[in-house]
Amino acid sequence: MSTGKEHVAEAAKGPDVPEHLKPYHRTMEEIEKMPVIEETMTVCPECKLIIKGTIYKDGDNVMIRKYCPEHGWFLEKYWEDYDMYMKMRGYGYNGRGFDNPNYLNAGENCPFDCGICERHKTHTGLANVVVTNRCHLSCWYCFFYAKEGEPIYEPTVQQIRKIFDNLRSAKPIPANAIQITGGEPTMHPEIVEIVKQAKEAGFDQVQLNTTGINLGMNPDLAVKLRKAGVSTLYMSFDGVSPRANPKNHWEIPHILDAARKAHIGIVLVPTVIRTINEQELGAMINFALDNIDIVRAVNFQPVSLVGRMPTRMRQQQRITIPGAIKLIEEQTHGAIPKDAWFSVPYVGGISKFVEALTGKFQYDLSIHFACGAGTYLFLDSDNKIIPITDFVDVVGLEELLQKAVNSMEGKNGIQRKMIAMKALLGINGLINKDKQPKSVNFGKLLYSILTKHDFSSLGAFHMKTLFLGMMHFQDDYTYDIHRVEKCDIHYAMPDGEVLPFCTFNVFPEVYRDKIQRQYSIPAEEWKKMHPDWNYRADKYMRNVKLLENDPLYQKTYGNMIDYFALPVNGGIPVLDKISIPGVSKSMNVEKAAEAVEVEKEKGK
Amino acid sequence: MTTENASGVAKADGASAEQSTSAINIPYGMIKRIEFNNLKKEELIDIPHCARLQYRLMLHDAIIKAKVEFVKRRISVIYNHPEAENKKPKISRDELIEFLKKEGINVDASNIAERDYDYVKEFYSYAFFPPEIRHSAPYGWTREEYAKIQEKRNRKEKAKKGMLIFGGK
């Protein structure tokens, strides 16, 4: 009988394997000798049998291996930096799930018991609600939209309001941030009313997950959406050049313009794929800095290789959170070092502190440490890029807050306040005032967050910074049940179920597509209900020449300052390898030199 | 009154029947729930195989929810039977049994329990109003401590309301 080891050993015989692919090309004897970090449960990518997964160290890489009795061995990169993995792991903790879960079965058949069950360990941090599966684009890699002839999923406003209320009734912590998504959500004819309903239901933060194209082409819609309550556009942005970002490169100038006029913040969302756009990470950050008046964050999403694909292609395209972080460090020549990044549950220290002090539930980002990471950048008045870790002892801050939480246990209200005061005074010692941005009093900002602990404090903090995030969704190959049971990005469905992102999208056949089909209308029936509708008319047609000749296009891409080319940031450009039609490569470097001159003049 | 959710666990009824099913396009009305009991452990194999069987059952569009319980040696399925009044895909009881047979599960007719299942009342309404099964406390507080501060807060809140009723500030 085959042990499944043969095909792995076979792969090991390949000649001249590049360094980054070597972990895939070892013999099982070699692999089994590697140090084991932890065990988890996972699935067989072929037959979905629940099997044991072993997370192990292979040089600088953290790998996951699993064995299915029917389909043999599977190896996949889990995390491309062992030291960073161990650092992030230190911030992991178990949060609280739902006090009113939908399923009382302890999730013994996890991940096929979702809906959400009592085993889940994190409340809804960001709720996704799909309002349509129609889209004006037809991207080759996307499986989120209805292709020609497929049923249309477009819930009514009444249905959507019911979903919103369901999310708000979660206990003990109701969802407070919502992302309205699709398809392309702006194709829902009642999108403005949907946003109003979200605000009425009580969501503080309303994001629109959009290509932005409909807003760029129709700025009035952006104004209406802002008035209705949209706080942020969560916008796909896969690169600065048209090669890396064929989806909305040409419309981006119009979208930024519309968002500026409507006062809507933007989160740029690049999906990072090796061999496709991984060379533009630094340039994308530069683009965000160049539009920091309107861009609040760049949230990189290392690609989730959902569905079957050839092994070789998967190995070549695979990138994990530390892989992207290291590329950013490399492309920005150390201006944004890998040490500046912390795992998302790091901020749990802040919510624990506030809860222990006030006795009130706070938003709790207790997700798995391997799911996300982030850092803050400050763009100072002299255009210097300052990562938060340059002037704040971030590790010390977490230790200080955790120590205060431990001391508060069992104490009365006054004693807790005294402990908190002492901790808050200690924060000043963790801030290097000589290195902090001249335009920011970080101690005051942090004090405000910890004492006011509301979204407005956080909002003020974000206005002066650029948040860089990483969110790596799982796929069949990297699947780790420990991760999914801590997921806080949930999809709320019309049948009342709430599903973690990585069950909803990794097993669409039993969750996303299945439930949406139940609540869909067949295309022929949809046509009868909407006689003026036809599939092709939904699609956006681009006039590239017209868009490239638009003054806004030149203003946005041609006037970009290359911040990393400034001496204050190391003086090495990030835009010199980016090719944009009609924009000279040296132009952005020249703009950087001009910016230096302007700053000098200001100084005088 | 109690209902059973898809997992087959009896729970308190969270809400009354949905107001108008047509207004919110609820796809099912009266469907069926079937239970196959006393299954052979050697056919179910173990929990991972039960989970995969549950996944395979769920691949059928006509199966709304399935639960395969290794410990209880039970499979329960909520499904859209051929006589149900809706246009969604259907599956018959015999087809279900045939499918299980192909998966290596032989069911005994005497161990089958089937009943009508009201999707709106038992599934849909329940999902929107699940009851609380526990009471968490904020970090740094025990449940007892938290219950006390909650009580205090409620008293303050009541007093505030009282003052408002009597015109106080």
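All values reported here derive from a predicted model rather than from experimental measurement.

Visitor: Run through the overall build of chain B, naming residues and quoting values.
Guide: From N to C terminus, chain B includes five helices and six strands. Sequence-ordered secondary structure for chain B, helices as α and strands as β, is β-β-β-α-α-β-β-α-β-α-α. A total of 169 residues make up chain B; the buried ones form 44% of that total. Restricting to contacts in chain B with at least 6 residues of sequence separation, those with at least 24 account for 66%. Of the roughly 9,200 Å² that chain B leaves accessible, carbon and sulfur atoms contribute 53%.

Visitor: Provide a residue-level description of the overall build of chain A, including the pertinent values.
Guide: Across its full length, chain A carries 24 helices and 17 strands. Computed over its C-alpha atoms, the radius of gyration of chain A comes to 24 Å, within 12% of the 25 Å expected for a compact globule of 604 residues. Seen through its C-alpha atoms, chain A measures out along the principal axes to roughly 80 × 65 × 60 Å. By the burial criterion, 62% of the 604 residues in chain A qualify as buried.

Visitor: So what's going on with the pairing of strand 7 (residues 205–210) of chain A? Which residues, and what values?
Guide: Residues and elements named next belong to chain A. Of all six residues in strand 7, five are buried, a share of seventy percent or more. Of the pairings in the sheet, the one linking strand 6 (residues 177–181) to strand 7 comprises four bridges and is parallel in character. Residue Ala-177 lies in a different strand from strand 7, and its bridge partner there is Gln-205. Crossover connection from strand 6 via helix 5 (residues 191–201) to parallel strand 7: handedness right-handed.

Visitor: Kindly report on the sheet that holds strand 6 (residues 112–118) of chain B, identifying the contributing residues and their values.
Guide: Residue and element names in this part refer to chain B. In spatial order, the strands read 4-5-3-6; together these four strands make up an open sheet with antiparallel pairing. Both edges of this open sheet fall to strand 4 (63–69) and strand 6, since each of them pairs with a single strand only. Taken pair by pair, the neighbouring strands of this sheet meet at an average axis angle of 15°, ignoring direction. Bridge count between strand 3 (residues 30–36) and strand 6: seven bridges; the pairing is antiparallel. Residue Phe-36 lies in a different strand from strand 6, and its bridge partner there is Ile-112. In the packing of helix 4 (residues 119–128) onto the sheet, contacts are made with strand 3, strand 4 and strand 6, and the angle to strand 6 comes to roughly 75°.

Visitor: Account for the side chain of Gln474(A), with residues named and values stated.
Guide: With respect to the secondary-structure elements, Gln474(A) resides in the loop between strand 15 (466–471) and helix 17 (481–484). A distance of 2.6 Å separates a polar atom in the side chain of Gln474(A) from the backbone nitrogen of Asp480(A).

Visitor: Break down the packing of helix 4 (residues 157–168) of chain A against helix 4 of chain B for me, with residues and values.
Guide: The contact between helix 4 of chain A and helix 4 of chain B brings their axes to 9 Å, and the two run at 55°. It follows from the interaxial angle that helix 4 of chain A and helix 4 of chain B lie oblique. For the pair helix 4 of chain A and helix 4 of chain B, contact is made by Lys162(A), Ile163(A) and Asn166(A) and by Tyr124(B), Ala127(B) and Phe128(B), respectively. Of the residues in the contact of helix 4 of chain A with helix 4 of chain B, the class split is four nonpolar, one polar and one charged.

Visitor: Requested: an account of the interface of chain A and chain B, with residues and values cited.
Guide: Of the residues lining the interface, 56 residues belong to chain A; the matching set on chain B comes to 55 residues. The contact between chain A and chain B buries some 4,900 Å² in all, and 51% of this surface belongs to carbon and sulfur atoms. The tally of links from chain A across to chain B stands at eight salt bridges. Across the chain A-chain B interface, the total number found is 29 residue pairs in polar contact (both at pLDDT 80 or more). Contributing elements (two or more residues each) for the side of chain A that touches chain B: helix 4, helix 12 (348–358) and helix 19 (512–518) of chain A. In terms of residue class, the side of chain A that touches chain B is built from 19 nonpolar, 16 polar and 21 charged.

Visitor: Any details on the nonpolar core? Residues and values, ideally.
Guide: Of all hydrophobic cores here, the largest spans 106 residues; its most connected members are Phe164(A), Val240(A), Ile285(A) and Trp341(A). Per-element tally for this core: the top contributor is helix 9 (residues 281–290) of chain A, with seven residues. Contacts of Val240(A), omitting those with residues within four sequence positions, involve His249(A), Glu280(A), Ala283(A), Met284(A), Phe287(A), Tyr557(A), Met560(A), Ile578(A) and Ile580(A). Ranked by size, the runner-up nonpolar core spans 69 residues in total, among them Leu126(A), Cys371(A), Ile31(B) and Phe128(B).

Visitor: Residue-level account of the packing of aromatic side chains, with values.
Guide: For the coordinates displayed, the defined rule picks out 28 aromatic pairs over all chains. Between the aromatic rings of Tyr491(A) and Phe504(A), the centroid separation amounts to 3.7 Å while the plane-to-plane angle is 10°, which identifies the pairing as stacked. Within this pair, whereas Tyr491(A) is found in strand 16 (residues 489–492), its partner Phe504(A) is found in helix 18 (residues 501–504), the two being separated by 13 residues in sequence. The pair formed by Tyr491(A) and Phe504(A) is uniform in burial state, with each residue classed as buried. Grouping aromatic residues by their ring pairs yields a cluster made of Tyr28(B), Tyr119(B), Phe123(B), Tyr124(B) and Phe128(B). Directly above the aromatic system of Phe144(A) lies the positively charged group of Arg512(A), at a separation of 4.9 Å from the ring centroid.

Visitor: Could you give an account of the confidence of the model for chain B, naming the residues involved and the relevant values?
Guide: Chain-level pLDDT for chain B is 86 on average; 82% of the residues reach the 70-or-more range. If you check the scores for this complex, the pTM reads 0.91 and the ipTM reads 0.90.

Visitor: Mind laying out the pattern of salt bridges, listing which residues take part and the relevant values?
Guide: Pairs can form between side chains of opposite charge once their charged atoms are near each other. Residue and element names in this part refer to chain A. Scanning all chains against the criterion turns up 44 salt bridges over all chains. For Arg-96, the salt bridge is made with Asp-364, and the minimal N-O distance between the two is 3.4 Å. Of the two residues, Arg-96 is situated in the loop between helix 3 (82–89) and strand 5 (126–130) and Asp-364 in the loop between helix 12 and strand 13 (372–379); the sequence distance between them amounts to 268 residues. Neither residue differs from the other here; Arg-96 and Asp-364 are each classed as buried. Across the salt bridge formed by Lys-261 and Asp-257, the nearest N and O atoms sit 3.0 Å from each other.

Rules used throughout
- Residues numbered from 1 in each chain as written.
- Chains lettered and ligands numbered in written order.
- Predicted model: local features only at pLDDT ≥ 70, side-chain atom pairs only at ≥ 80, totals over all residues.
- Heavy atoms only, no water.
- Helix = DSSP H or I, 4+ residues; strand = E, 2+ residues; numbered from the N terminus.
- Buried < 20%, exposed > 50% of the residue type's maximum accessible area, 1.4 Å probe, protein only.
- Contact = heavy atoms within 4.5 Å.
- Areas by Shrake-Rupley, 256 points an atom, 1.4 Å probe, with all protein chains shown as cover.
- Rg over C-alpha atoms; globule rule 2.2 N^0.38 Å.
- Pairing = 2+ DSSP bridges.
- Right-handed = clockwise from strand over helix to strand, strands pointing away.
- Axes fitted to C-alpha atoms, helices over the stretch in contact; angles between N-to-C directions.
- Polar contact = N/O pair within 3.5 Å; in protein donor to acceptor, adjacent residues only side chain to side chain.
- Parallel < 35°, antiparallel > 145°, perpendicular 65-115°, else oblique.
- Nonpolar A, V, L, I, M, F, W, Y, C, P; charged D, E, K, R; others polar.
- Buried area = accessible area lost by both parts, 1.4 Å probe.
- Salt bridge = Lys/Arg side-chain N within 4 Å of Asp/Glu carboxyl O.
- Core = buried A, V, L, I, M, F, W, Y, C linked by side-chain atoms within 4.5 Å.
- Phe/Tyr/Trp six-rings, centres within 6.5 Å; stacked < 30°, edge-to-face > 60°.
- Lys NZ or Arg CZ within 6 Å of the ring centre and 35° of its normal.
- pLDDT = per-residue confidence, 0-100.

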